[in-house]
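Below, each chain spelled out in residue letters.
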Amino acid sequence: MPLLSVNNLGHAYGADELFSGFDFQLEPKQRVGLVGPNGCGKTTLLLILADLLEPSEGEVVRQNDLTLGYLRQEAVLTFRGQDNTVYEEMLTVFADLTGLEQELRQMEQEMAGGNTAVSFLTTYGEKQQQYEAGGGYAYHVDIKRVLQGLGFPETEWQTPLNHLSGGQKTRVLLGRLLLEKPDLLILDEPTNHLDTAAIEWLERTLRFWEGTLLIVSHDRYFLDKVVSHVWELRPQSLNSYKGNYSSYLEQREANWEREAKLFDEEMTRLESELDFVRRNIAGSQTDLAKGKLKRLTRDIVLLEEVGVLGREGKSWLEVGGRVRTLSANEAARRLRALKPPSNRPPRLNIRLKSEEQSEQLVLRTARLTIGYPDAPLFKTDKIRLERGDIAALIGPNGSGKSTFLRTFLGEIPPLRGNIELGETVQIGYFAQAHDQLNLDKRVLDEILHYRPTSEQEARSYLAQYLFRGDDVFKQVRDLSGGERGRLALAILAATGANFLLLDEPTNHLDIPSQEVLQAVLEQYDGTILLVSHDRYLVSHLATQIWAIEPAATPDETQLFVFEDGYEAYAEKRAQEATAAAEAAKLENAPPPKLDWLADLDTFVPPEVAEVSSPTKRPKQKSRRGASALELEIQNAEIWLDKLEQELAQAEAEGDEEQMAWLMEEYDTAVADLEELLAQQDE
């Protein structure tokens, strides 16, 4: 029996209709990700299903005794007027147990005072069994696990709720819901306000969740790890797909291709039928032609009303009704007016391309110290980037990722060490706040500043980024976050840079816009240094991971370079976390049930051309010719000269620590040069 059933559901705000005619069911233990463009009604649908908003039409039938938990995007008002601390709020979930606990303590005091009546002891034993069965000896451990997992250190557990920020209150509400364990847990953007460690903890928790989940999230990697079904909400349609987010992408692409193919085949058939009608309507086969015209009329009306997929496999009586037969000319006019399927969203018809290819060596550093004179942030491993590499810089908020990018831009010098860029490297910078945009300009004027040309050519260029018609005359300050991202991308493409520094490029983008950006970056022929919390983007693009791993002091905080992609890095971290948990003897729970993972089998669409799943972009490296090898030897010799100069300066200053690691770098550089010379002799 379904947890809830939806019949002919619809909702509108005044004259603006969000959706209508929805029929679907939510089954026990289903794990659903609800996706769709911003403004399509995802949050409205969640509110209706949670019984917090009355729909304009239709009904939602819920299972008797259904327990339901709902996490809003912002929980600012959730705890209004409450004086609880963070920990006390978690305790409200276990009010029955804390009450029973008090009864047991009181009874123990009576026993200590001499009450040993058989009936009294029997009652005490029953209550103790009830307390143990209800988790009385484990709920404090559960609270600690949840609070620590969501990023609340023990020093914050006694903080009053009214002293918390909106984001902290949202995390408190999420923690309380996880402890309540409702039959149906509805989460609206649960990864907002969480750092990467907390998101990964939440993923692990929800993978072991035994109830039903309905989740709205822009975090595609999170959806990939947690859900077993995807519901795609679009204007006037809710389409269901079995599998995780990546499987949904494959199926959706296959459906688009199939729908376009069916439409073309149907149009060819109908045009042939119309041709027969025109040739025979007044001839010897007039009765046959009239019958064909009647069926042709029905087919045209069905295509107009429900589309090529809506009529597939159904008879006229199931989806149609009585209709006046068209004349041949009317049928021809209506047939020409039929438009191809438009479910596929508009695409950015662009390609990021560097104007000049960089040298093979794009970036090389000795070990660096990054930060400010009075506030060092972290040290780095030795770093090397070659043409075609994509490095993802990851780390906690405030660890210095944006500062590192500004160091590469030359705005903030490293506190120690040096950075070498290839001679033909041209840097393009995409800031997370789009702070390079002039908010007082129009979109058209802003692109003309970076790409001087005629107004007509500028408008044609902007159209590739979906700025069409009057959109080009909007003030930049009036653009949405996604529109600003598209404009910043248009400016970046206009520079022709061959080394891109991207700082949170998917911020403020809905999932369709994230997909577009990913497709553009996958085609880029240069080198990328990417700062992003978007693990889906990182896992599909990065050939190196630069991870800032905090320590007790900045002197101990280190950036480590992992030569493999994100999945290998995440697996390594998971293994380390498991080992740490085992060492602390924290894994006493029975094996979790992960039966739902069977729903994530790869979907293979029938009778459709193969659609490849998104894959990590391979390194764009080719065998070096003689001239390329000579150039590398020249670069290695230049690097040695720089290190010798740095050594001489460190010796003059008496900096023994600097000299020690410069000597290590020098020895490595000598070995690299000898290897290159050996290759030249082969």
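Our subject in this report is the structure included herewith. (Residues numbered from 1 in each chain as written. Predicted model: local features only at pLDDT ≥ 70, side-chain atom pairs only at ≥ 80, totals over all residues. Heavy atoms only, no water.)

### Points about the overall build of the protein
Scanning the protein from terminus to terminus reveals 21 helices and 20 strands. Classification of the 682 residues of the protein by burial places 45% in the buried group. Across the protein, contacts joining residues at least 24 apart in sequence account for 71% of those joining residues at least 6 apart. (Helix = DSSP H or I, 4+ residues; strand = E, 2+ residues; numbered from the N terminus. Buried < 20%, exposed > 50% of the residue type's maximum accessible area, 1.4 Å probe, protein only. Contact = heavy atoms within 4.5 Å.)

### Comments concerning the nonpolar core
The biggest cluster of nonpolar side chains holds 97 residues, and the ones touching the most others in it are L206, I215, L487 and I545. At eight residues, helix α16 (residues 481–495) tops the list of elements feeding residues into this core. Leave out the neighbours within four places in its chain, and L487 touches L437, V443, E446, L462, F467, V476 and L479. By size, the runner-up hydrophobic cluster in this structure holds 27 residues, among which are L34, A50, L214 and W231. (Core = buried A, V, L, I, M, F, W, Y, C linked by side-chain atoms within 4.5 Å.)

### Observations concerning the sheet that holds strand β1 (residues 4–13)
Within a sheet, adjacent strands bond to each other through the backbone by hydrogen bonds, running parallel or antiparallel. Spatially, β2-β1-β4 is the arrangement adopted by the three strands of the open sheet, whose pairing is antiparallel. One side of each edge strand has no neighbouring strand; the edge strands of this open sheet are β2 (16–26) and β4 (57–62). Neighbouring strand axes in the sheet, compared pairwise and without regard to direction, differ in orientation by 20° on average. Bridge count for β1 against β2 is seven bridges, and the pairing is antiparallel. Bridge pairing in β2 links Y13 to D16. The sheet strands contacting helix α1 (residues 42–49) are β1, β2 and β4, and the helix crosses β1 at an angle near 130°. (Pairing = 2+ DSSP bridges. Axes fitted to C-alpha atoms, helices over the stretch in contact; angles between N-to-C directions.)

### Observations concerning the packing of helix α9 (residues 245–280) against helix α12 (residues 328–337)
When two helices pack together, you describe them by how their axes are tilted relative to each other and by the distance separating the axes. Across the interface, α9 lies against α12 with an axial gap of 10 Å and an inter-helix angle of 160°. Here α12 runs roughly antiparallel to α9, going by the angle between their axes. The crossing of α9 and α12 is left-handed. Listed contacts from α12 to M267, L270, E271, L274, V277 and R278 of α9 are A328, N329, A331, A332 and L335. Partitioned by chemical class, the residues of the contact of α9 with α12 number eight nonpolar, one polar and two charged. (Parallel < 35°, antiparallel > 145°, perpendicular 65-115°, else oblique. Left-handed = near helix turned anticlockwise from the far one by under 90°. Nonpolar A, V, L, I, M, F, W, Y, C, P; charged D, E, K, R; others polar.)

### Things to note about the pattern of salt bridges
Under the definition given, this model contains 25 salt bridges. Notably, a salt bridge pairs E266 with R269, separated by 2.7 Å at the nearest N-O pair. Of this pair, E266 and R269 both sit in helix α9, separated by three residues, roughly a single helical turn. Judged by relative accessible area, E266 falls into the buried class, the value being 13%. With its nearest N and O atoms 3.3 Å apart, the salt bridge here joins K292 to E273. Note that K292 is positioned in helix α10 (residues 286–310) and E273 in helix α9, a separation of 19 residues in sequence. Here the salt bridges do not stand alone but share partners, grouping E89, R176 and E180 into one network. (Salt bridge = Lys/Arg side-chain N within 4 Å of Asp/Glu carboxyl O.)

### Quick notes on the packing of helix α14 (residues 443–450) against helix α15 (residues 455–463)
Packing of α14 against α15 brings their axes to within 10 Å, and their N-to-C directions diverge by 105°. When the interaxial angle is binned, α14 and α15 end up roughly perpendicular. Where α14 approaches α15, its residues V443, L444, I447 and L448 are matched on the opposing element by E455, A458, R459, Y461 and L462. Of the residues in the contact of α14 with α15, the class split is seven nonpolar, no polar and two charged.

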